[in-house]
Structure formats: structure tokens, C-alpha cells
There are 2 protein chains.
Amino acid sequence: MKINRFEENPLITPRDVSPIHEGFEVIGAFNAGVAKFKDESILLLRVAERPISDNPTIIKAPLIDKKGELQIIALDKNDSDYNFEDPRIIRRSNDLSHFEYLTSLSYFRLARSKEGRHFTVEDKAFIYPFNNYQTMGCEDPRITQIEDNYYITYTSVSEMGICESLALTTDFETFEDLGNILLPENKDVVLFPERINGNYYMLNRPSPTSIGNLDIWISQSPDLKSWGNHKHLLKMSVGDWDGGRIGAGLPPIRTSKGWLEIYHGATKDNIYCMGALLLDLDDPSKVLAKTKSPIMIPEAPYEKEGFFGDVVFGCGGIVNGDILTMYYGVSDTSMAGCELSISEILEQFS
Amino acid sequence: MKINRFEENPLITPRDVSPIHEGFEVIGAFNAGVAKFKDESILLLRVAERPISDNPTIIKAPLIDKKGELQIIALDKNDSDYNFEDPRIIRRSNDLSHFEYLTSLSYFRLARSKEGRHFTVEDKAFIYPFNNYQTMGCEDPRITQIEDNYYITYTSVSEMGICESLALTTDFETFEDLGNILLPENKDVVLFPERINGNYYMLNRPSPTSIGNLDIWISQSPDLKSWGNHKHLLKMSVGDWDGGRIGAGLPPIRTSKGWLEIYHGATKDNIYCMGALLLDLDDPSKVLAKTKSPIMIPEAPYEKEGFFGDVVFGCGGIVNGDILTMYYGVSDTSMAGCELSISEILEQFS
């Protein structure tokens, strides 16, 4: 499988993005939703900002309180009540299965380009945490264009859980909040770009607690705001490249063979690759084929090293004939781009 | 708070129910959904059947396979790969946060009564696991009457997770499957008995994985099959009687003061009590009041002892003027009944 990684990669790094919070540093500009809008390629970046700590033994956690004001929790690295092993989260030592704080606050910012390789990042946030479900930030947006509407699905993180929210923009200047569309815990939601037999569809990835794996499910809706008829779609493959978790990546792409879904899978050791899935055009709850091997694995230095290395994480792309320009987050740090041939991906199934 | 427990309690015990599987014993007839239908009080019992084991060192786990056939897994109690501590579930020793099997198979059976105290249990199942989401059974039904339709919300349990499903009956002879209405993991779903400002509402209890507690959420729907606008409603109270988990109990009851919701709370040590909640009539996502103490705690011997003791678990009731006849599961074993005064419950809020 040939992947033309852009020579300009990484396209956007934290250094290209100035923080909007005083005393913070940008540690990630990654996992962007992607749209073609008028003559522009648009990336809706997840920007992660971290409070600068002058004292290496003090770890700071940002949090937006119920009044909408930014608070910073300062914790001593030597405090045995807490566990700081994972750089992304802070856990209580007596409960390592949950996190208590995140070490950064994520929100969304637009980057625009005419030719798709050199992007200008806007100075201000496009979506900044605006309700109590987002006190710990907004993460991993995907954009699906349905007619002239651009729907943004993203996770809202708070002490109440990680739920999936929906926003709508028609101009990439303002957005409308359409509420929480899935209950905790759910991530990696992509909408299909058109109605199928009268219904809207989405892929999503619940996190079952008592029994079940981190698998992909498919749900349907009459109006995009309310979802039901939830069905299990794809199981992770224990022991394989996608044996730790899987989740939808790009919004599904209509091809003559079926809906092409490019999704991510991670091993138990958190190496994130991209695979491909083919779904029935008339009934997308039917899996027609799945690539046995990943179509893309972390290889380039910027994919292997960073805040959280060994991650390629595509959230969107732009299709032009047979060419899919995929933009993807690398190492929970930066954005990169590549070109793939759709027909060549489809050949992987046969 | 005065509770008139029925003298006839427990009303239905496992001994009153004959197993429908050969070589099985009924170990639970409990947590029933409740409806008033024509001149009958109806209990939709959760019946749990367990394969009889002649050998005390062999634990058997029932399972319905993908062909719809009942299989029995036999495990040796001395097998250190498995953990048999909780009598309800079998876990892998290296992963105590999930279960692998249930020790019984649950399904639903109708019991009918003219006067509400002496029930006749039907010989056959009313809802028996019928799809791949129910290979480990169906649990804890609630019935909400909306006009002449009786909607049954219940959990479907399989290796894919625990999701919430919806069925409809108009005659208590047959039912229609309306699919999975909530993704895993979710339990304790009750519908409101009427539209509010044009929308249907439900209470539900997701189980967040990474962050969040076992709290009650409220969701809305245009059609009962698709759900959105999910909002957090009530937090469990760490350290209190409802500090382990909470979940909706009875379908909400309309009163002049607001929607009365009688819900269950459990301590960390799994003592299950019932509390009460008052929600705004026009916007049920607004909590007006909550009882500080439970309105009912396990006291009677049949509430304190059984398969899983110290549990009162109300899933439905019948209102007649000021009197609420609540039917409730006891100790994950049997059904009991009691009468409460609605006005007296409302006084607990002031």
C-alpha cells in the first residue's frame, strides 16, 4: 500500500500555534477534523494547552469551573496519593482505572489553506469549552459535510464523563450547539455524509465497563440529534494490531464497492495504526470486508516521537477523484498529511 | 415515612416458578416491571434460571450461542484462572473489573393478579433472549404505559456489552422489538408516561469507564426509538446511602408538585435502598428536590436475606389516588409489595 506522505510534514506543530491562555504553552495541535469549504482546505485542530510549571516537581492541571473560569490545580509529583505515569492524565493511586485530571486543556481552532499543504492557524478558538460537560476540554473533532451543512462531532470531557457532542457550522465563522448526542462513555464518532434509506447513520465507539471490548458500533437517526437502533459493527482483534481498541477515523467515503471507512486500531501497548473497512452501501451495518493488516503504521520520525509517540490518527480527508488527501494527527502532537489512492485501498480487500 | 409492607410478602418466590429449561432451577423471580392492564395487575418478572450442578466443585454458566441454542460452560471452582467470589458472575482472575460469564440466565415471564397480592405466574416466557445482544440474558424490565401502549425497557447482556433495549406490547400476549435504544453500558431506564413539550423523556444510568460516576442522566426523543440531548441529572453522594451507585426505579409519577421519581441507591457495600426525587413538570431535567435519607431500606427478613441480600429494588408501581402500590425485588430473589402514601413521600422533600 503506497502512501505519499507530504514532504512538508509535519504540516502544523505546536510551535506554529500561539497559546490563548496566559502562562500556558501549546503542547498539541493534532487530531483535526477536515473539510473542503469553498476554495479552502480547513483543519479544525484540537489544540492542547498546558500551564507552564516553573517547578519541575509541580504538575499543573487546568480545569474550567462551573462559573466558566479557568482554574489550575497544582499537584506535587512526590504526592503518593496521585499517579503521574501517563503524561496525559493524573490518576489517584488507589484507582488507576479512572483519571481525576487531564494535564492539558483541549479546544478547537481553525487552520486554513488554499493548496492543502501550508496552513494558517487562526489566533482565536473556534469551539472553546462552553458548558459543564466540557470542564476538562473538547477533543478529537470530526467534520461531516451533509449538503451545505458541516456537522462537527467531538468528545466533551468533564467529571461527569466523556460524552459525544454535536455542533453545526455553515460558514466556519460561528457554530450552533446541538447538544450531547451520546451518553458517556463514547468517542470516535463520524457521521455518514448522506441519508441511507431515509436515515442518518453514525459510527461510534462505546467503552463498556462490566463486559465488552472497545469496538465500533453503528447507530441510526431521523434527525441527527437523536440516535437509536444501535448495532455492534466491528470487534477489535485480540492480539493483533487492533487488539487494544478500535475507533472510526474518517467520515465514511462512498465508493462503488461500498462505504469505505478508514479507522484506527491500537495494540494493547498503544501503537496506533490505520486500517480500512468496507460497509454495504444500502445497509452500512453490514461489514463486507476488512483489511487484515493496517494500511498505515507509524514510520516517519514525527509519527514515532512526540508527546505520546507511535500514533497515526486520521480524523478526516478530502477526496478528489481517486485521490484521498488524508490529514492525520501524529504522536498526539502535530498534524501531517498524505495522499492515498482509493482504488488501491479497495484492492487491499480482495 | 410509613411503608405498609404486604402481609403476604414475599409475593412471588423462586419456589412459585417452575423452570422452563430442563436441568435448571429457578433462583430468582424478581425486579419485575409493573402495569395495570384491564382489570389485572401485571408483573413482568425477571426470572433467573441456573443449571443444576450435581458436583459442588463445578460451576456452570448458561449461554445462548449464535444459533440460538443454549450452551452450558462448566468450570472448576478450583481453577485459579477464574474468580467465583460474586455468586452472580464469573470473572477472570487477571481481570476482576469485567465479568466473563453470568451464573444464571434471565428472561421475562408474566404474573397476573386481580387484587394485586396473589399472582399467577405464566408457564412460558414472555420475552426470551432473541438476538445476539441477549446471549447472556435480559434483565430488570420496566414498563411505562403511554396511552394504550406499554413500553418495556430492559437490559440486554452479551459479550458485546450491556445495552438497553425497547419492546412494545399492547396486549401482554405478544411484543414488538424496537431495538437497542442505548449503547453499552447503560441500565435502569424508565420512560416518562407522557410527552413533555412535545418530547418523550427517559431516565437512564450510564457506566462511565475513564471518569465519572454511576449517576442518573436524562435524555429526550421525538419517537421513543432515537434518543439525544443527554443531560446529567443526579449525582450519587459519595459516602452516603447512595454513594456506590444510583439508578432510576419506577417510571416517574406525575404529581401536582412535580414528577416523582422513586429511585434506588446503593452503598459501596451494595446495600440497596429506595430514595425519592422531584423533577420539574415542564422541564424534567431540573431537579427540584431529593430526599436526604432513603424512603425505604431493607428491613424485613426477605429483604435482608437471599441470593444477594440487603436489596430493595422497585421497578414499578400502580397509583390509585394517593396510594402507590409499589412492587419491588428483594435480595435478587423474590418479589414483594407495599403501599406508600404519595403525599407523605412529597412531605419528605420539605
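For the structure, check the block above.
What comes next concerns the included structure. Sequence order as written defines residue numbering, which begins from 1 separately in each chain. As they are written, the chains are lettered A onward and the ligands numbered 1 onward, keeping that order. Local features in a predicted model are, by the rule used here, given only for residues with pLDDT of at least 70; side-chain atom pairs are given and counted only at 80 or more, and totals for whole chains, interfaces and linings are based on all residues. Based on all heavy atoms of the structure, the side-chain values leave hydrogens and waters out of the count.

Before going further, it helps to spend a moment on the environment of Tyr151 of chain B. Residue and element names in this part refer to chain B. A helix here means a DSSP run of H or I that spans at least four residues, while a strand means a run of E at least two residues long, and both kinds are numbered starting from the N terminus. Among the secondary structure elements, Tyr151 is positioned in strand β12 (residues 149–158). Along the backbone, Tyr151 and Glu185 are 34 residues apart, and their C-alpha atoms lie at a distance of 20 Å. When sequence neighbours within four positions are dropped, the list of residues in contact with Tyr151 reads Arg142, Ile143, Thr144, Ile146, Leu166, Ala167, Leu168, Leu178, Leu191 and Leu224. The contact criterion used throughout is that any non-hydrogen atoms of two residues lie within 4.5 Å.

Residues and elements named next belong to chain B. As for its placement among the helices and strands, Thr267 is situated in the loop between β21 (259–266) and β22 (272–279). Judged by relative accessible area, Thr267 falls into the buried class, the value being 19%. Beyond its immediate chain neighbours, meaning those up to four positions away, Thr267 contacts Asp240, Trp241, Gly243 and Gly244. The buried label goes to any residue with under 20% of its type's maximum accessible area, the exposed label to any with over 50%, and the partly exposed label to all in between, with areas taken from a 1.4 Å probe on protein chains only.

Residues and elements named next belong to chain A. Tracing the chain through its elements places Gly212 in the loop between β16 (200–206) and β17 (216–221). By relative accessible area, Gly212 is classed as buried at 16%. C-alpha of Gly212 to C-alpha of Gly247: the two residues are 35 residues apart in sequence and 14 Å apart in space.

This part covers unusual backbone geometry. With an omega of -5°, the peptide bond between Pro184 of chain A and Glu185 of chain A qualifies as cis. Each neighbour pair has its own omega, and for Asn9 of chain B with Pro10 of chain B the value is -10°, a cis peptide bond. Considering the arrangement of structural elements, one finds Pro10 of chain B in the loop between β1 (4–5) and β2 (24–37). Of note in the backbone geometry, Asp140 of chain A takes a positive phi value of approximately 45° without being a glycine. When its relative accessible area of 13% is taken as the criterion, Asp140 of chain A is described as buried. Positive phi, close to 65°, is recorded for Asn270 of chain A, a residue that is not glycine. Its place among the elements puts Asn270 of chain A in the loop between β21 (259–266) and β22 (272–279).

So, about the interface of chain B and chain A. Between chain B and chain A, the residue contacts involve 41 residues of the former and 41 residues of the latter. Buried area between chain B and chain A, both sides added, is near 3,300 Å², and the carbon and sulfur share of it is 56%. Values labelled buried area give the accessible surface lost by two parts on being combined, using a 1.4 Å probe and summing over both. The largest share of the area that chain B buries against chain A comes from Leu183, Thr209 and Ile211 of chain B, three residues that together contribute 22% of it. Each salt bridge in this description consists of a side-chain nitrogen of Lys or Arg and a carboxyl oxygen of Asp or Glu lying within 4 Å of one another. Where chain B packs against chain A, one counts two salt bridges. In this structure, Glu159 of chain B and Lys235 of chain A form a salt bridge, with 4.0 Å as the shortest nitrogen-oxygen distance. Under this definition, polar contacts are N or O atom pairs within 3.5 Å; protein pairs additionally need one hydrogen-donor-capable and one acceptor-capable atom, and for neighbouring residues in sequence, both atoms have to be side-chain atoms. Here chain B and chain A share 19 residue pairs in polar contact (both at pLDDT 80 or more) between them.

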